[in-house]
Amino acid sequence: MSTAAPEYAFATPFLNPPASPIRSLMPYAMRPGTISLAGGYPAQELFDVEGLSVASTQVLARLGACLQYSNIDGQASLRHELARLSAERGLICNADTELVVTGGSQQALALLTRVMLQPGDHAIIESPAFPNSVQALRYTGATVHTVQSGPEGIDVDALDELAGRIKPKMVCVVASFSNPCGATLTRERRLRLLELAVKHRFLIVEDDPYSELRFAGEAVPPIAALAQGEARHWAVYLASMSKTMAPALRIGWLVAPPEVRRRCVSAKAADDMASSAWIQEVVAQYLANGRYGEHVPRIRAAYGLRCDAMAESLARELNGRVTFSKPEGGMFFWARLTGEIDATRLLPYAIEHEVVYVPGKAFYADAAQADLHAMRMSFATMNESQIAQGMVRLGRALDACEANEPVSISLAA
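Residues numbered from 1 in each chain as written. Predicted model: local features only at pLDDT ≥ 70, side-chain atom pairs only at ≥ 80, totals over all residues. Heavy atoms only, no water.

Enquirer: I keep staring at the sheet that holds strand β13 (residues 358-359) and nothing clicks. Help me out?
Expert: Working definition: the strands of a sheet are paired by backbone hydrogen bonds and lie parallel or antiparallel to each other. Spatially, β10-β11-β14-β13 is the arrangement adopted by the 4 strands of the open sheet, whose pairing is antiparallel. Strand pairing shows two members of the sheet lacking a second neighbour, β10 (322-324) and β13, which therefore form its edges. As defined by bridge partners, strand β11 (residues 332-337) adjoins strand β14 (residues 374-378) across 5 bridges and the pair is classed as antiparallel. Pairing of Phe332 across the sheet is with Ser378, part of β14. (Pairing = 2+ DSSP bridges. Helix = DSSP H or I, 4+ residues; strand = E, 2+ residues; numbered from the N terminus.)

Enquirer: Is there a simple way to explain the domain arrangement of the protein chain in this structure?
Expert: On domain assignment, one finds that the protein chain holds domain 1 (18-40 + 294-403) and domain 2 (62-289). Look at where the C-alpha atoms of domain 1 and domain 2 centre, and you get two points 27 Å apart. Taken together, the contacts link 26 residues of domain 1 with 26 residues of domain 2. Taking both partners together, domain 1 and domain 2 bury about 2300 Å²; carbon and sulfur atoms supply 61% of that area. Counting the surface domain 1 buries against domain 2, the share from its top three residues, Glu328, Phe363 and Ala365, is 25%. There are 1 salt bridge connecting domain 1 and domain 2. Glu328 is the salt-bridge partner of Arg214, the closest N and O atoms lying 2.8 Å from each other. Elements supplying a minimum of two residues to the side of domain 1 that touches domain 2: α11 (291-317) and β11. With 7 residues, the top contributor of residues to the side of domain 1 that touches domain 2 is α11. Across the side of domain 1 that touches domain 2, the residue classes tally to 17 nonpolar, 6 polar and 3 charged. (Domains from an automatic or database assignment. Contact = heavy atoms within 4.5 Å. Buried area = accessible area lost by both parts, 1.4 Å probe. Salt bridge = Lys/Arg side-chain N within 4 Å of Asp/Glu carboxyl O. Nonpolar A, V, L, I, M, F, W, Y, C, P; charged D, E, K, R; others polar.)

Enquirer: Just to check I follow, could you spell out the environment of Pro151 for this structure?
Expert: By the element assignment, Pro151 lies in the loop between β4 (143-150) and β5 (153-154). Excluding its chain neighbours within four sequence positions, the residues that come into contact with Pro151 are Ala183 and Thr184.

Enquirer: Help me out: how do you make sense of unusual backbone geometry in this one?
Expert: For residues besides glycine, phi is generally negative; the peptide bonds are generally trans as well. Note that the residue after Ser127, namely Pro128, is joined by a cis bond; omega there is 5°. For Pro128, the position within the fold is in the loop between β3 (122-127) and α5 (131-138). A cis amide bond links Asn179 with the next residue in sequence, Pro180, at an omega value of 25°. Within the secondary structure layout, Pro180 lies in the loop between β6 (170-173) and α7 (187-200). One non-glycine residue, Glu354, lies in positive phi territory at about 65°. With respect to the helices, strands and loops of the structure, Glu354 is situated in the loop between α12 (343-352) and β12 (355-356). Assessed through its relative accessible area of 35%, Glu354 is described here as partly exposed. (Buried < 20%, exposed > 50% of the residue type's maximum accessible area, 1.4 Å probe, protein only.)

Enquirer: Got a minute to help me understand the side chain of Asp208 in this structure?
Expert: Following the sequence through the fold, Asp208 ends up in strand β7 (residues 203-208). A polar atom in the side chain of Asp208 sits 2.5 Å from the side chain of Tyr237. The residues touching Asp208, leaving out its near neighbours within four places in the chain, are Arg89, Ser176, Tyr237, Leu238, Ala239 and Ser240. (Polar contact = N/O pair within 3.5 Å; in protein donor to acceptor, adjacent residues only side chain to side chain.)

Rendered as C-alpha coordinates:
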(Lines give C-alpha, C1' and ligand atoms only; values in the text may rest on other atoms or scores of the structure.)
Protein backbone atom coordinates (compact mmCIF):
# COMPACT_ATOMS: atom_id res chain seq x y z
CA MET A 1 0.00 0.00 0.00
CA SER A 2 1.49 3.31 -1.06
CA THR A 3 1.49 6.33 1.16
CA ALA A 4 1.49 10.00 0.25
CA ALA A 5 4.86 11.69 0.19
CA PRO A 6 5.45 13.84 3.27
CA GLU A 7 5.29 17.59 2.98
CA TYR A 8 8.97 18.43 3.44
CA ALA A 9 9.84 21.91 4.65
CA PHE A 10 12.18 22.77 1.78
CA ALA A 11 14.16 26.00 1.81
CA THR A 12 12.43 28.69 -0.21
CA PRO A 13 14.81 28.70 -3.20
CA PHE A 14 14.27 24.95 -3.62
CA LEU A 15 10.49 24.78 -3.26
CA ASN A 16 10.11 24.46 -7.03
CA PRO A 17 13.58 24.12 -8.57
CA PRO A 18 13.44 24.52 -12.34
CA ALA A 19 14.43 21.68 -14.64
CA SER A 20 17.35 22.49 -16.92
CA PRO A 21 15.91 23.56 -20.29
CA ILE A 22 19.12 22.44 -22.00
CA ARG A 23 19.47 19.06 -20.25
CA SER A 24 15.85 18.27 -21.10
CA LEU A 25 16.79 18.28 -24.79
CA MET A 26 19.64 15.78 -24.37
CA PRO A 27 17.50 12.65 -24.95
CA TYR A 28 16.66 14.04 -28.38
CA ALA A 29 20.18 15.31 -29.03
CA MET A 30 21.67 11.88 -28.25
CA ARG A 31 19.48 9.98 -30.71
CA PRO A 32 21.53 8.13 -33.35
CA GLY A 33 21.65 10.14 -36.56
CA THR A 34 20.63 13.41 -34.93
CA ILE A 35 22.81 16.47 -35.47
CA SER A 36 22.98 18.20 -32.11
CA LEU A 37 23.64 21.93 -32.02
CA ALA A 38 22.16 22.09 -28.52
CA GLY A 39 24.72 21.37 -25.81
CA GLY A 40 27.73 23.52 -25.06
CA TYR A 41 29.96 20.47 -25.15
CA PRO A 42 33.53 20.53 -26.49
CA ALA A 43 34.32 18.18 -29.36
CA GLN A 44 35.17 14.77 -27.92
CA GLU A 45 37.37 13.77 -30.86
CA LEU A 46 39.58 16.80 -30.17
CA PHE A 47 40.45 15.86 -26.58
CA ASP A 48 44.20 15.42 -26.12
CA VAL A 49 43.90 11.83 -24.91
CA GLU A 50 47.57 11.14 -25.57
CA GLY A 51 48.79 14.16 -23.62
CA LEU A 52 46.49 13.43 -20.69
CA SER A 53 47.57 9.77 -20.75
CA VAL A 54 51.22 10.78 -20.54
CA ALA A 55 50.51 13.12 -17.62
CA SER A 56 48.42 10.43 -15.91
CA THR A 57 51.23 7.89 -16.26
CA GLN A 58 53.70 10.33 -14.76
CA VAL A 59 51.37 10.92 -11.80
CA LEU A 60 50.77 7.17 -11.37
CA ALA A 61 54.49 6.76 -10.70
CA ARG A 62 53.96 8.80 -7.50
CA LEU A 63 50.34 7.85 -6.90
CA GLY A 64 50.73 7.20 -3.18
CA ALA A 65 51.38 10.88 -2.60
CA CYS A 66 48.19 11.83 -4.49
CA LEU A 67 45.60 9.78 -2.63
CA GLN A 68 45.31 11.93 0.50
CA TYR A 69 42.96 14.88 0.92
CA SER A 70 44.09 17.91 -1.04
CA ASN A 71 44.53 21.33 0.48
CA ILE A 72 41.10 22.98 0.45
CA ASP A 73 42.39 25.74 -1.82
CA GLY A 74 44.01 23.21 -4.16
CA GLN A 75 47.28 21.41 -4.70
CA ALA A 76 50.21 23.84 -4.62
CA SER A 77 51.50 22.45 -7.93
CA LEU A 78 48.23 23.22 -9.71
CA ARG A 79 47.70 26.60 -8.08
CA HIS A 80 51.09 27.76 -9.33
CA GLU A 81 50.49 26.36 -12.82
CA LEU A 82 47.11 28.10 -12.98
CA ALA A 83 48.65 31.35 -11.74
CA ARG A 84 51.16 31.06 -14.58
CA LEU A 85 48.35 30.40 -17.09
CA SER A 86 46.39 33.37 -15.74
CA ALA A 87 49.50 35.55 -16.17
CA GLU A 88 49.72 34.46 -19.81
CA ARG A 89 46.22 35.86 -20.21
CA GLY A 90 47.38 39.14 -18.64
CA LEU A 91 46.18 38.55 -15.08
CA ILE A 92 49.03 38.55 -12.55
CA CYS A 93 47.96 36.96 -9.27
CA ASN A 94 49.44 35.38 -6.14
CA ALA A 95 48.91 31.61 -6.21
CA ASP A 96 48.87 31.42 -2.42
CA THR A 97 46.65 34.35 -1.47
CA GLU A 98 44.41 35.07 -4.47
CA LEU A 99 43.79 31.78 -6.31
CA VAL A 100 41.57 28.80 -5.40
CA VAL A 101 41.15 25.54 -7.36
CA THR A 102 37.47 24.66 -7.74
CA GLY A 103 35.25 21.97 -9.23
CA GLY A 104 34.82 23.86 -12.50
CA SER A 105 33.93 27.53 -12.77
CA GLN A 106 30.33 26.71 -11.80
CA GLN A 107 31.47 25.76 -8.30
CA ALA A 108 33.60 28.89 -8.20
CA LEU A 109 30.52 30.99 -8.88
CA ALA A 110 28.45 29.04 -6.35
CA LEU A 111 31.09 29.59 -3.65
CA LEU A 112 31.35 33.26 -4.44
CA THR A 113 27.59 33.82 -4.36
CA ARG A 114 27.35 31.98 -1.02
CA VAL A 115 30.06 34.18 0.43
CA MET A 116 28.65 37.46 -0.85
CA LEU A 117 24.85 37.16 -1.07
CA GLN A 118 21.92 36.54 1.25
CA PRO A 119 18.18 37.35 1.33
CA GLY A 120 17.68 41.08 1.00
CA ASP A 121 20.74 41.57 -1.21
CA HIS A 122 20.71 42.42 -4.90
CA ALA A 123 22.74 40.99 -7.77
CA ILE A 124 22.81 41.73 -11.50
CA ILE A 125 23.49 39.42 -14.41
CA GLU A 126 23.52 40.14 -18.11
CA SER A 127 20.52 38.97 -20.12
CA PRO A 128 20.40 36.57 -21.88
CA ALA A 129 22.70 34.42 -19.72
CA PHE A 130 23.56 30.80 -18.90
CA PRO A 131 20.66 29.44 -16.77
CA ASN A 132 22.91 27.73 -14.19
CA SER A 133 24.61 31.05 -13.46
CA VAL A 134 21.25 32.67 -12.81
CA GLN A 135 20.30 29.83 -10.47
CA ALA A 136 23.55 30.13 -8.51
CA LEU A 137 22.58 33.72 -7.73
CA ARG A 138 18.95 32.92 -6.95
CA TYR A 139 19.69 30.04 -4.61
CA THR A 140 21.23 32.49 -2.14
CA GLY A 141 17.85 34.17 -1.67
CA ALA A 142 19.13 37.42 -3.15
CA THR A 143 17.03 39.34 -5.66
CA VAL A 144 18.43 38.89 -9.17
CA HIS A 145 18.11 41.70 -11.71
CA THR A 146 19.06 41.68 -15.39
CA VAL A 147 20.64 44.16 -17.77
CA GLN A 148 20.27 43.69 -21.50
CA SER A 149 23.26 42.27 -23.37
CA GLY A 150 23.76 42.40 -27.13
CA PRO A 151 26.42 41.93 -29.81
CA GLU A 152 28.84 44.13 -27.80
CA GLY A 153 27.97 42.68 -24.42
CA ILE A 154 26.23 44.21 -21.41
CA ASP A 155 24.71 47.69 -21.70
CA VAL A 156 26.96 49.64 -19.32
CA ASP A 157 24.78 52.76 -19.29
CA ALA A 158 21.73 50.73 -18.26
CA LEU A 159 23.90 49.01 -15.66
CA ASP A 160 25.01 52.34 -14.23
CA GLU A 161 21.41 53.50 -13.87
CA LEU A 162 20.18 50.25 -12.31
CA ALA A 163 23.13 49.94 -9.92
CA GLY A 164 22.52 53.47 -8.70
CA ARG A 165 18.97 52.46 -7.73
CA ILE A 166 19.38 48.99 -6.23
CA LYS A 167 22.98 48.98 -4.88
CA PRO A 168 23.95 45.45 -6.02
CA LYS A 169 26.70 43.47 -4.33
CA MET A 170 27.64 41.60 -7.48
CA VAL A 171 27.46 41.93 -11.29
CA CYS A 172 28.13 38.81 -13.38
CA VAL A 173 29.25 38.75 -17.01
CA VAL A 174 30.89 36.46 -19.55
CA ALA A 175 33.07 39.07 -21.21
CA SER A 176 34.53 36.91 -23.99
CA PHE A 177 32.24 34.97 -26.36
CA SER A 178 29.29 34.94 -24.00
CA ASN A 179 26.91 32.05 -23.62
CA PRO A 180 24.51 32.29 -25.42
CA CYS A 181 25.16 35.43 -27.49
CA GLY A 182 28.81 34.90 -28.45
CA ALA A 183 29.42 38.58 -27.63
CA THR A 184 32.75 40.05 -26.51
CA LEU A 185 33.13 43.21 -24.46
CA THR A 186 35.57 45.73 -25.88
CA ARG A 187 38.50 46.93 -23.78
CA GLU A 188 36.73 50.28 -23.37
CA ARG A 189 33.57 48.64 -22.07
CA ARG A 190 35.58 46.47 -19.66
CA LEU A 191 37.28 49.58 -18.28
CA ARG A 192 33.87 51.21 -17.90
CA LEU A 193 32.66 48.18 -15.94
CA LEU A 194 35.60 48.60 -13.57
CA GLU A 195 34.75 52.28 -13.12
CA LEU A 196 31.17 51.34 -12.25
CA ALA A 197 32.32 48.65 -9.81
CA VAL A 198 34.34 51.25 -7.89
CA LYS A 199 31.58 53.85 -8.15
CA HIS A 200 28.80 51.57 -6.90
CA ARG A 201 30.95 49.26 -4.71
CA PHE A 202 29.98 45.96 -6.34
CA LEU A 203 32.09 42.94 -7.29
CA ILE A 204 32.39 42.55 -11.04
CA VAL A 205 32.56 38.79 -11.64
CA GLU A 206 33.90 37.61 -14.98
CA ASP A 207 33.30 33.98 -15.90
CA ASP A 208 35.84 33.10 -18.59
CA PRO A 209 35.46 29.60 -20.05
CA TYR A 210 35.91 30.62 -23.69
CA SER A 211 38.52 33.38 -24.16
CA GLU A 212 41.27 31.00 -25.34
CA LEU A 213 38.96 29.78 -28.11
CA ARG A 214 39.44 32.97 -30.16
CA PHE A 215 39.99 32.27 -33.86
CA ALA A 216 39.43 35.76 -35.28
CA GLY A 217 40.02 39.35 -34.19
CA GLU A 218 42.24 40.70 -31.43
CA ALA A 219 42.39 39.25 -27.92
CA VAL A 220 41.16 41.41 -25.05
CA PRO A 221 42.60 40.93 -21.52
CA PRO A 222 40.35 39.74 -18.69
CA ILE A 223 38.56 42.49 -16.80
CA ALA A 224 40.62 41.87 -13.66
CA ALA A 225 43.81 42.17 -15.73
CA LEU A 226 42.79 45.73 -16.62
CA ALA A 227 42.02 46.68 -13.02
CA GLN A 228 44.33 49.28 -11.51
CA GLY A 229 44.44 50.67 -7.99
CA GLU A 230 41.17 50.40 -6.09
CA ALA A 231 39.46 48.67 -9.01
CA ARG A 232 41.50 45.51 -8.35
CA HIS A 233 39.60 45.14 -5.05
CA TRP A 234 36.33 44.88 -6.97
CA ALA A 235 37.25 42.38 -9.72
CA VAL A 236 36.93 38.59 -9.55
CA TYR A 237 37.96 36.17 -12.29
CA LEU A 238 36.58 32.65 -12.82
CA ALA A 239 37.94 30.17 -15.35
CA SER A 240 37.70 26.52 -16.30
CA MET A 241 39.49 23.66 -18.02
CA SER A 242 36.20 22.16 -19.20
CA LYS A 243 36.13 23.75 -22.65
CA THR A 244 39.86 23.57 -23.40
CA MET A 245 40.98 20.30 -21.79
CA ALA A 246 38.02 18.11 -20.81
CA PRO A 247 34.82 18.59 -18.77
CA ALA A 248 35.30 15.32 -16.86
CA LEU A 249 38.32 16.77 -15.05
CA ARG A 250 36.01 19.20 -13.22
CA ILE A 251 38.83 21.66 -12.70
CA GLY A 252 38.28 25.40 -12.55
CA TRP A 253 39.76 28.26 -10.59
CA LEU A 254 38.92 31.55 -8.97
CA VAL A 255 41.12 34.64 -8.65
CA ALA A 256 39.84 37.10 -6.07
CA PRO A 257 41.05 39.68 -3.55
CA PRO A 258 42.56 37.88 -0.52
CA GLU A 259 39.67 38.56 1.86
CA VAL A 260 37.14 37.28 -0.68
CA ARG A 261 39.35 34.32 -1.52
CA ARG A 262 39.75 33.38 2.15
CA ARG A 263 36.00 33.18 2.61
CA CYS A 264 35.55 31.16 -0.58
CA VAL A 265 38.03 28.63 0.83
CA SER A 266 35.87 28.38 3.97
CA ALA A 267 32.78 27.86 1.83
CA LYS A 268 34.55 25.13 -0.14
CA ALA A 269 35.51 23.36 3.09
CA ALA A 270 31.81 23.13 3.91
CA ASP A 271 30.96 22.07 0.37
CA ASP A 272 33.27 19.27 -0.84
CA MET A 273 36.30 19.57 1.49
CA ALA A 274 38.63 19.71 -1.53
CA SER A 275 38.88 18.80 -5.20
CA SER A 276 40.54 15.49 -6.06
CA ALA A 277 44.30 15.68 -5.44
CA TRP A 278 44.85 12.95 -8.04
CA ILE A 279 43.05 14.82 -10.82
CA GLN A 280 44.67 18.10 -9.81
CA GLU A 281 48.12 16.57 -10.09
CA VAL A 282 47.31 15.19 -13.56
CA VAL A 283 46.22 18.65 -14.73
CA ALA A 284 49.28 20.28 -13.14
CA GLN A 285 51.55 17.74 -14.84
CA TYR A 286 49.82 18.27 -18.19
CA LEU A 287 50.38 22.01 -17.90
CA ALA A 288 53.99 21.57 -16.78
CA ASN A 289 54.63 19.28 -19.76
CA GLY A 290 53.68 22.11 -22.13
CA ARG A 291 50.92 20.07 -23.75
CA TYR A 292 48.24 22.65 -23.00
CA GLY A 293 50.05 25.27 -25.05
CA GLU A 294 50.25 22.82 -27.95
CA HIS A 295 46.66 21.62 -27.64
CA VAL A 296 44.72 24.89 -27.47
CA PRO A 297 45.82 26.17 -30.92
CA ARG A 298 44.62 22.88 -32.45
CA ILE A 299 41.11 23.11 -31.02
CA ARG A 300 41.00 26.84 -31.74
CA ALA A 301 41.70 26.17 -35.43
CA ALA A 302 39.14 23.36 -35.58
CA TYR A 303 36.42 25.49 -34.00
CA GLY A 304 37.24 28.32 -36.38
CA LEU A 305 36.55 26.04 -39.37
CA ARG A 306 33.30 24.87 -37.79
CA CYS A 307 32.23 28.45 -37.10
CA ASP A 308 32.89 29.30 -40.76
CA ALA A 309 30.86 26.27 -41.84
CA MET A 310 27.89 27.33 -39.72
CA ALA A 311 27.98 30.91 -41.00
CA GLU A 312 28.20 29.78 -44.62
CA SER A 313 25.50 27.10 -44.37
CA LEU A 314 23.15 29.33 -42.38
CA ALA A 315 23.42 32.01 -45.04
CA ARG A 316 23.00 29.47 -47.83
CA GLU A 317 20.21 27.26 -46.48
CA LEU A 318 18.17 29.83 -44.49
CA ASN A 319 18.88 32.96 -46.52
CA GLY A 320 16.65 35.76 -45.22
CA ARG A 321 14.86 33.48 -42.79
CA VAL A 322 17.36 33.97 -39.96
CA THR A 323 19.71 36.73 -38.90
CA PHE A 324 22.90 36.20 -36.90
CA SER A 325 26.20 37.76 -35.90
CA LYS A 326 29.24 35.60 -36.56
CA PRO A 327 31.31 35.28 -33.35
CA GLU A 328 35.10 35.65 -33.25
CA GLY A 329 35.48 32.70 -30.89
CA GLY A 330 33.77 30.49 -28.36
CA MET A 331 31.20 27.85 -29.27
CA PHE A 332 27.90 29.53 -30.06
CA PHE A 333 25.79 31.30 -32.68
CA TRP A 334 22.85 33.41 -31.51
CA ALA A 335 20.41 33.46 -34.41
CA ARG A 336 16.90 34.90 -34.86
CA LEU A 337 14.07 33.64 -37.01
CA THR A 338 12.75 36.54 -39.06
CA GLY A 339 9.24 35.28 -39.86
CA GLU A 340 6.17 34.57 -37.75
CA ILE A 341 7.44 31.19 -36.56
CA ASP A 342 9.18 31.33 -33.18
CA ALA A 343 11.97 29.05 -31.98
CA THR A 344 9.81 27.04 -29.57
CA ARG A 345 7.19 26.27 -32.21
CA LEU A 346 9.89 25.22 -34.67
CA LEU A 347 11.75 22.94 -32.26
CA PRO A 348 9.50 19.81 -32.54
CA TYR A 349 9.81 19.99 -36.31
CA ALA A 350 13.59 20.33 -36.02
CA ILE A 351 13.77 17.29 -33.73
CA GLU A 352 11.65 15.31 -36.17
CA HIS A 353 14.07 16.32 -38.94
CA GLU A 354 16.96 15.17 -36.71
CA VAL A 355 18.54 18.46 -35.75
CA VAL A 356 18.39 20.04 -32.28
CA TYR A 357 19.07 23.56 -30.98
CA VAL A 358 18.12 25.44 -27.79
CA PRO A 359 15.32 28.03 -28.01
CA GLY A 360 16.55 31.41 -26.85
CA LYS A 361 13.89 31.81 -24.17
CA ALA A 362 15.83 29.30 -22.02
CA PHE A 363 18.49 31.97 -21.38
CA TYR A 364 16.31 34.74 -19.97
CA ALA A 365 16.00 35.11 -16.20
CA ASP A 366 12.89 37.22 -16.77
CA ALA A 367 10.50 35.38 -19.11
CA ALA A 368 8.80 38.67 -19.99
CA GLN A 369 12.04 39.85 -21.64
CA ALA A 370 12.62 36.68 -23.68
CA ASP A 371 13.24 36.92 -27.40
CA LEU A 372 11.01 34.07 -28.57
CA HIS A 373 12.51 34.09 -32.07
CA ALA A 374 16.07 33.59 -30.86
CA MET A 375 17.93 30.27 -30.82
CA ARG A 376 21.35 29.17 -29.60
CA MET A 377 23.29 26.83 -31.84
CA SER A 378 26.67 25.32 -30.93
CA PHE A 379 29.15 24.66 -33.71
CA ALA A 380 31.72 22.93 -31.46
CA THR A 381 30.52 19.35 -31.28
CA MET A 382 29.75 18.64 -34.95
CA ASN A 383 32.22 18.70 -37.85
CA GLU A 384 31.83 20.93 -40.91
CA SER A 385 29.86 18.44 -43.03
CA GLN A 386 27.51 17.66 -40.15
CA ILE A 387 26.94 21.36 -39.53
CA ALA A 388 26.12 21.91 -43.21
CA GLN A 389 23.70 18.98 -43.17
CA GLY A 390 22.17 20.31 -39.97
CA MET A 391 21.33 23.60 -41.66
CA VAL A 392 19.73 21.72 -44.56
CA ARG A 393 17.59 19.83 -42.06
CA LEU A 394 16.72 23.02 -40.19
CA GLY A 395 15.58 24.62 -43.45
CA ARG A 396 13.34 21.63 -44.19
CA ALA A 397 11.96 21.74 -40.65
CA LEU A 398 11.10 25.40 -41.10
CA ASP A 399 9.35 24.60 -44.38
CA ALA A 400 7.27 21.92 -42.63
CA CYS A 401 6.45 24.23 -39.72
CA GLU A 402 5.37 27.07 -42.01
CA ALA A 403 3.16 24.60 -43.90
CA ASN A 404 1.70 23.49 -40.55
CA GLU A 405 2.38 19.85 -41.36
CA PRO A 406 1.64 17.24 -38.67
CA VAL A 407 4.48 16.62 -36.25
CA SER A 408 4.91 13.61 -33.95
CA ILE A 409 7.17 15.25 -31.34
CA SER A 410 5.42 16.75 -28.33
CA LEU A 411 7.44 18.91 -25.95
CA ALA A 412 6.56 20.27 -22.53
CA ALA A 413 5.67 23.95 -22.54
